[in-house]
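Examination of the molecular architecture
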Amino acid sequence: MRRLLRLTGLPQLVAFYRYIYLNQPRLTAAAGSALALLIAAIHLYELPTHYGASPVWGALFGLLAAGGVVAAAGIPAGSRRLGWNLGAVLSLIALLGYLASRGAGLPELEEFRGRWDYPVGTLAMIAEGLFLFGYLSVRTGLAVSYPQRRRWHD
């Protein structure tokens, strides 16, 4: 297994974070908060459409919007870990839900199957992917969102 991983070059690609650091905690937190708010706004915008299709999906979109606001507020505040973790979970759920609804389809949302040309959904996928990338960069140490937890040696 190790040999197969070494042949793909994945360990070298993942190890690059040891050499590059982004020491901009305010910028990282602001970008994470902005993306979480964008995701929440998109789900709030889509709430009436999905609530009309099914009240269960409408409630789920309402929870995603509310969770995005909580995550956006938690990232720059004192509970950064809660904000990043909550935002990552919500982004992953929303991204997988969007892909499932457009691919195989979801119950009570059959009219969305195969509708990959929806611009708001594409924007949501981009925002969720960027948030997940930001979350992974903070978790691996590439970007700093907690300045007091990193010891910088120049």
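Presented here is a report on the structure given in the accompanying data block. From a predicted model like this one, the values you see are computed outputs, not experimental measurements.

1. Structural notes on the overall build of the protein chain
- Scanning the protein chain from terminus to terminus reveals six helices and zero strands.
- Beginning at the N terminus, the succession of helices and strands in the protein chain can be written as α-α-α-α-α-α.
- With 154 residues in all, the protein chain has 37% of them scored as buried.
- Counted over contacts in the protein chain with a minimum sequence separation of 6, partners at least 24 positions apart contribute 66%.
- Total accessible area on the protein chain stands at roughly 9600 Å², and carbon and sulfur atoms take up 68% of it.

2. Here's the deal with the nonpolar core
- Counting residues in each nonpolar core, the largest one holds 16 residues, and the members touching the most others are A36, I75, W84, A88 and F131.
- Residue assignment for this core shows that the elements contributing at least two residues are α3 (25-53), α4 (55-74), α5 (80-102) and α6 (119-140).
- Here this core gets five residues from one element, more than from any other, and that element is α6.
- Apart from the residues within four sequence positions on either side, A88 is in contact with F131, L132 and Y135.

3. Section: the packing of α3 against α6
- Running from N to C, α3 and α6 point in directions that differ by 150°, and their axes come no closer than 9 Å. In terms of orientation, α3 and α6 fall into the roughly antiparallel class. α3 and α6 meet at a crossing whose hand is left-handed. Residue-level inspection shows T28, G32, L35, A36, L38, I39, I42, H43, Y45 and E46 of α3 in contact with α6, the latter providing V120, L123, A124, A127, E128, L130, F131 and V138.
- Broken down by class, the residue content of the contact of α3 with α6 amounts to 13 nonpolar, three polar and two charged.

4. Some details on the packing of α5 against α6
- Running from N to C, α5 and α6 point in directions that differ by 140°, and their axes come no closer than 9 Å. Considered as vectors, α5 and α6 are oriented oblique to each other. The interaxial crossing formed by α5 with α6 has left-handed handedness. Contact with α5, carried on its side by R81, G83, W84, N85, G87, A88, S91, L92, A94, L95, Y98 and L99, involves G121, T122, M125, E128, F131, L132, G134, Y135, V138 and R139 of α6 and no other residues of that element.
- Its residues placed into classes, the contact of α5 with α6 shows 12 nonpolar, seven polar and three charged.

5. Focus: a nonpolar patch on the surface
- Residues L92, L96, L99 and W116 make up a contiguous nonpolar surface patch of about 380 Å² in total accessible area.
- By the secondary structure assignment, L99 is in helix α5.
- Relative accessible area serves as the criterion here: at 37%, L99 is assigned to the partly exposed category.

6. Topic: the side chain of R102
- Looking at the secondary structure, you find R102 in helix α5.
- At 3.1 Å, the side chain of R102 forms a polar contact with the side chain of S101.

The rules behind these values
Residues numbered from 1 in each chain as written. Predicted model: local features only at pLDDT ≥ 70, side-chain atom pairs only at ≥ 80, totals over all residues. Heavy atoms only, no water. Helix = DSSP H or I, 4+ residues; strand = E, 2+ residues; numbered from the N terminus. Buried < 20%, exposed > 50% of the residue type's maximum accessible area, 1.4 Å probe, protein only. Contact = heavy atoms within 4.5 Å. Areas by Shrake-Rupley, 256 points an atom, 1.4 Å probe, with all protein chains shown as cover. Core = buried A, V, L, I, M, F, W, Y, C linked by side-chain atoms within 4.5 Å. Axes fitted to C-alpha atoms, helices over the stretch in contact; angles between N-to-C directions. Parallel < 35°, antiparallel > 145°, perpendicular 65-115°, else oblique. Left-handed = near helix turned anticlockwise from the far one by under 90°. Nonpolar A, V, L, I, M, F, W, Y, C, P; charged D, E, K, R; others polar. Patch = residues over 30% accessible without salt bridge, like charges linked within 9 Å, V, L, I, M, F, W, Y side chains within 5 Å. Salt bridge = Lys/Arg side-chain N within 4 Å of Asp/Glu carboxyl O. Polar contact = N/O pair within 3.5 Å; in protein donor to acceptor, adjacent residues only side chain to side chain.

Worth remembering: the numbers are spatial, not functional.
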